[in-house]
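# Breakdown of the fold
These are the residues of each chain, in order.
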Amino acid sequence: LFQASREPECAALLKRVVEVSLQRAENYNIRSVAFPAMSTSYGYPIEKAAPILLEAAVEHLQRATSVRLIVFALLTDVSFTVFSQSLGALSRKKS
């Protein structure tokens, strides 16, 4: 379960999970990958998880990669809204 006192460690681990998963996809020449809103069911705040997950995905897609599509399977309207807002913020940050 998420502990606020370990937030920096949790954030780094969450990003690393995405990076390793996408690298594994590369190893098998996989073109599309789907992720859930990882860690949020264990109490990690979705408002913190979404930017981490999205940034790791965008960084991967900006390199030469076999992966062409990364999908985030979001089960609630709240999750969709948070991810949409985070993607917009990331887009503004990159431009």
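Refer to the structure printed above.
Residues numbered from 1 in each chain as written. Predicted model: local features only at pLDDT ≥ 70, side-chain atom pairs only at ≥ 80, totals over all residues. Heavy atoms only, no water.

## Thoughts on the overall build of the chain
Regarding its fold elements, the chain presents three helices and two strands. When the elements of the chain are put in sequence order from the N terminus, they spell out α-β-α-β-α. Here the chain holds 95 residues, and the buried ones make up 32% of them. Intrachain contacts of the chain at a sequence separation of at least 6 include 73% that bridge at least 24 residues. When the accessible surface of the chain is split by element, carbon and sulfur atoms take 57% of a total near 6,200 Å². Taking the average location of the 11 positive side-chain charges in the chain and that of its 8 negative ones, the two points are 6 Å from each other. (Helix = DSSP H or I, 4+ residues; strand = E, 2+ residues; numbered from the N terminus. Buried < 20%, exposed > 50% of the residue type's maximum accessible area, 1.4 Å probe, protein only. Contact = heavy atoms within 4.5 Å. Areas by Shrake-Rupley, 256 points an atom, 1.4 Å probe, with all protein chains shown as cover. Lys, Arg positive; Asp, Glu negative; His and termini not counted. Charge placed at Lys NZ, Arg CZ, Asp CG, Glu CD.)

## Structural notes on the pairing of strand E1 (residues 32–36)
Across the two faces of E1 the burial differs, with Val33 and Phe35 buried and Ser32, Ala34 and Pro36 not buried at all. What joins E1 to strand E2 (residues 69–73) is helix H2 (residues 46–61), and the crossover it makes is right-handed. (Right-handed = clockwise from strand over helix to strand, strands pointing away.)

## Some words on H2
In this model, H2 (16 residues) spans 22 Å end to end at C-alpha, consistent with the 22 Å of a helix rising 1.5 Å per residue. Residues of H2 that are buried include every one of Ile46, Ala49, Ala50, Ile52, Leu53, Leu54, Ala56, Ala57 and His60, and no others. Among the structural elements, helix H1 (7–27), E1, E2 and helix H3 (77–94) are those in contact with the buried residues of H2. (Expected span 1.5 Å × (residues − 1).)

## Points about the nonpolar core
By size, the foremost hydrophobic cluster in this structure holds 24 residues, and its most contacted members are Phe35, Leu53, Phe72 and Phe83. Taken together, the elements giving at least two residues each to this core come down to H1, E1, H2, E2 and H3. In terms of residue count, H2 provides more of this core than any other element does, eight residues in total. The residues contacting Leu53, other than those within four sequence positions of it, are Leu14, Val18, Pro36, Ala37, Met38, Phe72 and Phe83. (Core = buried A, V, L, I, M, F, W, Y, C linked by side-chain atoms within 4.5 Å.)

## Structural notes on the packing of aromatic side chains
If you walk through the whole model with that rule in mind, you get two aromatic pairs. Taking 5.4 Å as the distance between ring centres and 40 degrees as the angle between the ring planes, the aromatic pair formed by Phe72 and Phe83 counts as tilted. Remark: Phe83 occurs in helix H3 and Phe72 occurs in strand E2; sequence separation between them is 11 residues. Counting every residue linked through ring pairs, the aromatic cluster contains Phe35, Phe72 and Phe83. (Phe/Tyr/Trp six-rings, centres within 6.5 Å; stacked < 30°, edge-to-face > 60°.)

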